[in-house]
Amino acid sequence: MTDRPLLEGPFRRFGVVYREHTAEVLAIAERLRAWCDARGIDVVLEEDAGRDPDRQIDVVTDPVDLVIALGGDGTFLRASRLVVGTEIPVLGVNLGRLGFLTAMPESALEDGLAEVVAGRAVIEHRFRLRAVIQSEGGGRSDNFFALNDIVVHTTGAARVTPLTLEVGDQGDLEEVGSFGADGVIVATPTGSTAYSMSAGGPIIVPDVEAIVVTPICPHSLAVRPLVLPATETINVGSLDAAGEHQVTVDGQVVHHLGPGDRVRIQRESDPLSLVRLPGQRFFSTLRRKLNWAIRSPERA
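Residues numbered from 1 in each chain as written. Predicted model: local features only at pLDDT ≥ 70, side-chain atom pairs only at ≥ 80, totals over all residues. Heavy atoms only, no water.

A short note on unusual backbone geometry
Item 1. In the segment running from Gly-9 into Pro-10, the intervening peptide bond is cis, with an omega of 5°.
Item 2. As for its placement among the helices and strands, Pro-10 is situated in the segment before strand S1 (13-18).
Item 3. Positive phi outside glycine occurs at Cys-217, with the angle close to 50°.
Item 4. Inspection of the secondary structure assignment puts Cys-217 in the loop between strand S13 (210-216) and strand S14 (226-229).
Item 5. Judged by relative accessible area, Cys-217 falls into the exposed class, the value being 53%.
Item 6. Here Asp-250, not a glycine, exhibits a phi torsion of approximately 55°, which is positive.
Item 7. Along the chain, Asp-250 falls in the loop between strand S16 (245-249) and strand S17 (253-257).
Item 8. Judged by its relative accessible area of 5%, Asp-250 falls in the buried class. (Helix = DSSP H or I, 4+ residues; strand = E, 2+ residues; numbered from the N terminus. Buried < 20%, exposed > 50% of the residue type's maximum accessible area, 1.4 Å probe, protein only.)

Structural data, given as structure tokens:
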């Protein structure tokens, strides 16, 4: 693994997003606020767990030095979208079950924050994906940004749908192939341990510059996950003109995919700055969180 840059202050203002509007979570947010107040750090807490987009914290017009996500990986992914277009780092505090992206458990909140403020935390730069939906008439949707994955899949009842896969830019497209599947996952190395892994895709170490394409339940033994250079542009479309499809971004943002529409996916140039505490490494997290390559005691 390459050396990581340290997260350096000064820290004057934290933005906080959280999982759900409950007394338990709000009590943890108050612990964080009390710790910051004692050190002269302002805290901007989003309202109502970010359910209303108009009430989410706006770090572009009202910058902070650090965004703290109180929750699981879903909360972290939502926080990562709030900082698109900025260099603001994101620190995850795990209140969920898995917490693969989060840096520390809730029980270590104060000690972990002390490590951050002391300048001992490190930054991991994780690249995102940018997706745009191109309609048959030439129109385009807004940009969608994903830290984990972009998924093109059927809506309603689960059924096999014919999909096309091409790489390259307009005017220089190369067909990869067509296949029947429930959908397809286009994932970053960060997202390779999420939905893509559950669908049979490979685990990609975060430092690897690659994008993994994983079909979901392909209707052929000849279709397998594909690892592409991160410089490639990936185009996904449907051959079923009557089918109902949608695009899901990091498991949260959903957009309808009309007949003849095509999803164009490429690496976003600005990475996310993910905060890790000292001693946290990828493979140790993999073993601890996912039980990867753990031998049973009798075979140790």
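Focus on the sheet that holds strand S9 (residues 149-154)
Item 1. The strand order across the open sheet formed by six strands is S14-S13-S12-S9-S16-S17, and the pairing between neighbours is antiparallel. Two strands bound the open sheet, and with one partner strand each, they are S14 and S17. Put simply, the sheet's adjacent strands are angled 20° from each other on average, direction ignored. (Pairing = 2+ DSSP bridges. Axes fitted to C-alpha atoms, helices over the stretch in contact; angles between N-to-C directions.)

Observations concerning the packing of aromatic side chains
Item 1. In this structure the tally under the stated criterion is three aromatic pairs.
Item 2. Taken together, a centroid distance of 5.2 Å and an interplanar angle of 70° make the contact between Phe-282 and Phe-283 edge-to-face.
Item 3. Overall, Phe-282 belongs to the buried group, its relative accessible area being 10%.
Item 4. According to the relative accessible area criterion, Phe-283 is partly exposed, its value standing at 39%.
Item 5. Following the ring pairs from residue to residue traces out a cluster consisting of Phe-100, Phe-282 and Phe-283. (Phe/Tyr/Trp six-rings, centres within 6.5 Å; stacked < 30°, edge-to-face > 60°.)

Brief notes about the side chain of Asp-149
Item 1. Residue position: Asp-149 is located in strand S9.
Item 2. For the buried Asp-149, no salt bridge exists, and the shortest N-O distance to an oppositely charged side chain is 8.7 Å, to Arg-81.
Item 3. Every residue in contact with Asp-149, bar those within four places of it in the chain, is listed here: Ile-185, Val-186, Ala-187, Ala-194, Tyr-195, Thr-248, Val-249, Asp-250 and Gly-251. (Lys, Arg positive; Asp, Glu negative; His and termini not counted. Salt bridge = Lys/Arg side-chain N within 4 Å of Asp/Glu carboxyl O. Contact = heavy atoms within 4.5 Å.)

Digging into the pattern of salt bridges
Item 1. Following the criterion strictly, the structure yields 16 salt bridges and no others.
Item 2. Between Arg-19 and Glu-20 there is a salt bridge, with the nearest N and O atoms lying 3.0 Å from each other.
Item 3. The class of Arg-19 is partly exposed, set by a relative accessible area of 32%.
Item 4. Here Glu-20 falls in the partly exposed class, since its relative accessible area comes to 30%.
Item 5. Ionic pairing is found between Glu-106 and Arg-31, a salt bridge with its closest N-O pair at 2.3 Å. Of the two residues, Glu-106 sits in the loop between strand S5 (104-105) and helix H3 (109-117) while Arg-31 sits in helix H1 (residues 23-37), which places them 75 residues apart along the sequence.
Item 6. Since its relative accessible area comes to 28%, Arg-31 is described here as partly exposed.
Item 7. Salt bridges here are not isolated pairs; linked through shared partners, they connect Arg-4, Glu-124, Arg-126, Asp-207 and Arg-276.

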